[in-house]
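Observations on chain architecture
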Amino acid sequence: MVLCQAKTDKVSWVLYSIKSWGSAFSPPQIIMTQSSDSDTHIYHALRTVSGAAAHLATFTFTVYMICVSQPGSTLFSWHPFLMTLAFSFLMTEAILVFSPDSSLLRSFSRKAKGRAHWTLQLLAVLCALLGLGIIYANKVLLAKPHFSTWHGLFGALTVLWSVLQSFGGVSLLYPKLVQRWTLATRKLYHATAGLLGYLLGCSSLFLGMFSIWFTTTVTGLSWYVCALCPILTGLVVMNQVSNAYLYRKRSQS
């Protein structure tokens, strides 16, 4: 009887110890959860602020380029205007339309956002093709070599990539055209290829700021502010797309 009582006391002591340890470790777990929630709120707030900064940067930069290039004054003047409109304004807004933190159409349905996305992207591709055609014609008139600079090479590659990317978007509008991959896989590929194309566009805009025309037209602090715009929007869009598609894909696997 004494032995049984001793065993019972030991079991009770072990159970009491486990319960005490659990109570001791519960507060840190609660604190960690609260800290994690706080970090999440801060992260979303930073994403919202960065998205607003991207909207402001792309709009301000486009308006500034309209004032600087004065489209219509010469044949060449249409090139910087159309390329800025395509890759700085239209394409940025087309991508951010799906952002849960930065979309200007946040209250719209997914279907409405999709229509806004492909409409803006279509306009961006048309402006890019027209801008490429104008600079090509201008060089022919001036008897200058084509694609002789990094800006020209990146620009041609970006326009070509945008056209090819548009065909990928068509496969999402009409899923029955391509049945080799699932719709979710095609969306992931489309987002990844679209991000690459957008970064190419930002690089092309940045390289264009080292051209003779731009460096003689925009000088001083204005040049550095303009150079910052494609860098800022590129980083914001890269973060938004990675968080919305790539990170979500990893978390589901």
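Residues numbered from 1 in each chain as written. Predicted model: local features only at pLDDT ≥ 70, side-chain atom pairs only at ≥ 80, totals over all residues. Heavy atoms only, no water.

1. Some details on the state of the cysteines
Covalently bonding the sulfur atom of one cysteine to the sulfur atom of another cysteine gives a disulfide. For the coordinates displayed, the defined rule picks out 0 disulfides. Between cysteine 229, a cysteine without a disulfide, and cysteine 226, which holds the nearest cysteine sulfur, the sulfur-to-sulfur distance is 6.0 Å. Judged by relative accessible area, which is 11%, cysteine 229 ranks as buried. (Disulfide = S-S within 2.5 Å. Buried < 20%, exposed > 50% of the residue type's maximum accessible area, 1.4 Å probe, protein only.)

2. Some points on unusual backbone geometry
Phi at alanine 143 is positive, roughly 55°, even though this residue is not glycine. Secondary-structure assignment places alanine 143 in the loop between helix 3 (110-142) and helix 4 (150-173). Residue class for alanine 143 comes out exposed when judged on its relative accessible area of 68%. Here the phi dihedral of phenylalanine 147 falls at roughly 50°; this positive angle occurs in a residue that is not glycine. Following the sequence through the fold, phenylalanine 147 ends up in the loop between helix 3 and helix 4. Note on phenylalanine 147: relative accessible area 37%, which makes it partly exposed. (Helix = DSSP H or I, 4+ residues; strand = E, 2+ residues; numbered from the N terminus.)

3. What to know about the UniProt feature "transmembrane region" (unreviewed entry) in the protein
UniProt records the feature "transmembrane region" (unreviewed entry) for residues 45-66, 78-98, 118-137, 149-174, 195-215 and 221-247 in the present numbering. The straight-line gap between the two end C-alpha atoms of residues 149-174 is 38 Å; of that span, 92% is helix and 0% is strand. Within residues 195-215, the helical portion is 86% and the strand portion 0%, while the C-alpha atoms at the span's ends are 28 Å from each other. (UniProt positions renumbered as here; feature names shortened; annotations may be inferred.)

4. Remarks on the packing of helix 4 against helix 5 (residues 183-208)
When two helices pack together, you describe them by how their axes are tilted relative to each other and by the distance separating the axes. Axis separation between helix 4 and helix 5 bottoms out at 9 Å; the angle between their running directions is 160°. The angle between the axes of helix 4 and helix 5 places the two elements in the roughly antiparallel class. Note that helix 4 runs across helix 5; the crossing there is left-handed. Tallied by class, residues from the contact of helix 4 with helix 5 come to 10 nonpolar, 14 polar and 2 charged. (Axes fitted to C-alpha atoms, helices over the stretch in contact; angles between N-to-C directions. Parallel < 35°, antiparallel > 145°, perpendicular 65-115°, else oblique. Left-handed = near helix turned anticlockwise from the far one by under 90°. Nonpolar A, V, L, I, M, F, W, Y, C, P; charged D, E, K, R; others polar.)

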